[in-house]
Amino acid sequence: MFETDTEGIRQEAATGALPARDRVEQLVRAAHERYRGVDAGSVADYIPALAEADHGWFGICVADTAGGLVEIGDTGVPFSIQSISKAFVYALVCDAFGHERIGELVGVDNTGLPFNSVIALELNGGHPMNPMVNAGAIATTALVAGETADAKWETIARGLARFAGRALEVDDRVFTSESETNSRNQAIARLLQSYGRLDGEPGEIVEVYTRQCSLLVTARDIAIMGATLADGGVNPVTGERVVSEEVSRDTLAVLAANGLYERSGEWLFQIGLPAKSGVSGGIVSIAPGKGAIGTFAPPLDAAGNSVRGERATAYLSRTLGLNLFASAAVGASAVPAPASTPAPDERTV
Ligand code: GLU
């Protein structure tokens, strides 16, 4: 990490609010209507059980930081959380132990390579670079509080339930299917071990990681989980503090840089929100201080991001005024800008 001089400087919160509820409802309906006919992309099948998903499922839920929910479509359809779990497990580990250890072991920078890249690890001397790619996520799961694999699993299951505001179940079919086919993740874990970057037995850690990816959530759940990070770590529906404000901020920064795999820069450029996607078709996007959007639609683009989810989120980010980088000049009407720069000979001195 580069040196900064922020000690003792107050962290001001993100400001602004979502538009009024009826406007949010209108826009969420419009987003669903606009993109439900889009059939681009393909459903992930490298985990065989995921291939059974209905291509047409499409749900959108907006959860605000006051605990309000606006939803449309298949927001109650359960799907395995997959990579979206990485964001919340990272937050739990930072909350328990601080971000220094995990920052040093895993990092926060984008690899620019696919989520399950082995080359990325090799190119970086065994350093996973960030916790949102598989290598970094497996190394993060190894750091979860608990002496044994079972204890770590308990910490994860309890922690993710607090983010969602309800107990989450494992999809045993997805867990078994991925366990039978995840030799690549096994290889990544062994490679991490060979570089001294895995705190535990590779087989056990990958099993916990695979189980965490198999937890069943809905678009509504991921919206609430995201809204918890938007709300300084307090679940706005249950009122329970899940992680600290600092951890929420740090997690969102990691998501902004890495949440959409190797397309994270493009996502930030077009949509302007920290977000995390998963190969089962979910995307959660977070507007700090305001709320979160959870989308679910299984067909994915080449990088593994839900096509309808991307489009709906882009639309809502614009229309709800969520893009973190979009500003309007304050007092612009009071001081009109010159229409054009006068030519040198027209200038008055
Ligand atoms: N369990 C999946 C894997 O490790 C998660 C991938 C993802 O959603 O990006 O391959």
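Now for a look at the structure at hand. Source: prediction; values computed, not measured.

### A look at the overall build of the protein chain
Per the secondary structure count, the protein chain includes 13 helices and seven strands. Here the C-alpha radius of gyration of the protein chain, 21 Å, is about what a compact globule of 349 residues would show, namely 20 Å. Referenced to the eigenvectors of the C-alpha coordinate spread, the extents of the protein chain come out at roughly 75 × 45 × 40 Å. A total of 349 residues make up the protein chain; the buried ones form 52% of that total. Taking all contacts inside the protein chain whose residues are at least 6 apart in sequence as the whole, residues at least 24 apart take part in 68%. By element, 51% of the accessible surface of the protein chain is carried by carbon and sulfur atoms, the whole surface being about 15900 Å².

### Some thoughts on the site of the ligand
Taken together, Tyr46, Gln82, Ser83, Phe115, Asn134, Glu178, Asn185, Tyr209, Cys213, Tyr261, Gly278 and Val279 make up all the residues around the ligand. Measuring from a nitrogen atom of the ligand, one finds a side-chain N or O atom of Glu178 at 2.6 Å. About the coverage of the ligand: the protein hides 99% of its 300 Å² of free accessible area. Partitioning the shell around the ligand into residue classes produces six nonpolar, five polar and one charged.

### Some points on the sheet that holds strand β7 (residues 291–296)
Strand pairing within a sheet occurs via backbone hydrogen bonds; the two strands may be parallel or antiparallel. Read from one edge of the open sheet, five strands run β2-β1-β7-β6-β5, paired in antiparallel fashion. The open sheet has two free edges, formed respectively by β2 (69–73) and β5 (275–277), since each of these has just one partner strand. Going from strand to strand, the sheet's axes swing by 10 degrees on average, the running direction of each strand aside. Relative to strand β6 (residues 282–287), β5 is paired through three bridges, and the arrangement is antiparallel. Within β6, the position partnered with Ser277 by the bridge is Ile283. Helix-sheet contacts for helix α10 (residues 219–230) involve β1 (59–64), β2, β6 and β7, and the interaxial angle to β7 is about 155 degrees.

### Quick notes on the pairing of β6
Along β6, six of the six residues are buried, which leaves the element largely enclosed by surrounding structure. Where burial is concerned, the two faces of β6 agree: the one with Gly282, Val284 and Ile286 and the one with Ile283, Ser285 and Ala287 are both buried. The hairpin turn running from β5 into β6, its antiparallel successor, is four residues long, and Gly281 in that turn takes a positive phi close to 110 degrees. In the sheet, β6 pairs with β7 via six bridges, with the strands oriented antiparallel. Residue Ile286 lies in a different strand from β7, and its bridge partner there is Ala292. Hairpin connection from β6 to β7: three residues lie between these consecutive antiparallel strands, with Gly289 at a positive phi of about 85 degrees.

Quick notes on the rules
Throughout this description, residue numbers start from 1 for each chain and increase along the sequence as written. Restriction of local features to residues with pLDDT of at least 70 applies here, the model being predicted, together with a cutoff of 80 or more for giving and counting side-chain atom pairs; totals for whole chains, interfaces and linings are based on all residues. Derived side-chain values reflect all non-hydrogen atoms in the structure, with water molecules and hydrogen atoms excluded from consideration. Numbered from the N terminus, helices here are DSSP runs of H or I no shorter than four residues, and strands are runs of E no shorter than two. We compute the radius of gyration over the C-alpha atoms and compare it with the globule rule, which gives 2.2 Å times the number of residues raised to the power 0.38. Each residue is placed in one exposure class: buried if its accessible area under a 1.4 Å probe, protein chains only, is under 20% of its type's maximum, exposed if it is over 50%, and partly exposed if it falls in between. Any pair of residues with heavy atoms lying within 4.5 Å of one another is described as a contacting pair. Computed with a 1.4 Å probe, the accessible areas rest on the Shrake-Rupley method; for each residue, only the protein chains presented here act as cover. Here, proximity means that at least one heavy atom of the residue falls within 4 Å of the molecule or strand. Two N or O atoms form a polar contact when they lie within 3.5 Å of each other; inside protein one atom must be a possible hydrogen donor and the other a possible acceptor, and for residues adjacent in sequence the pair counts only when both atoms belong to side chains. Residue polarity is assigned by list, with Asp, Glu, Lys and Arg as charged and Ala, Val, Leu, Ile, Met, Phe, Trp, Tyr, Cys and Pro as nonpolar; anything else, Gly included, falls into the polar class. Being paired, for any two strands, means DSSP has found at least two bridges between them. To get an axis, fit a line to the C-alpha atoms, keeping to the stretch in contact for a helix; angles then go from 0 to 180 degrees between the N-to-C directions.

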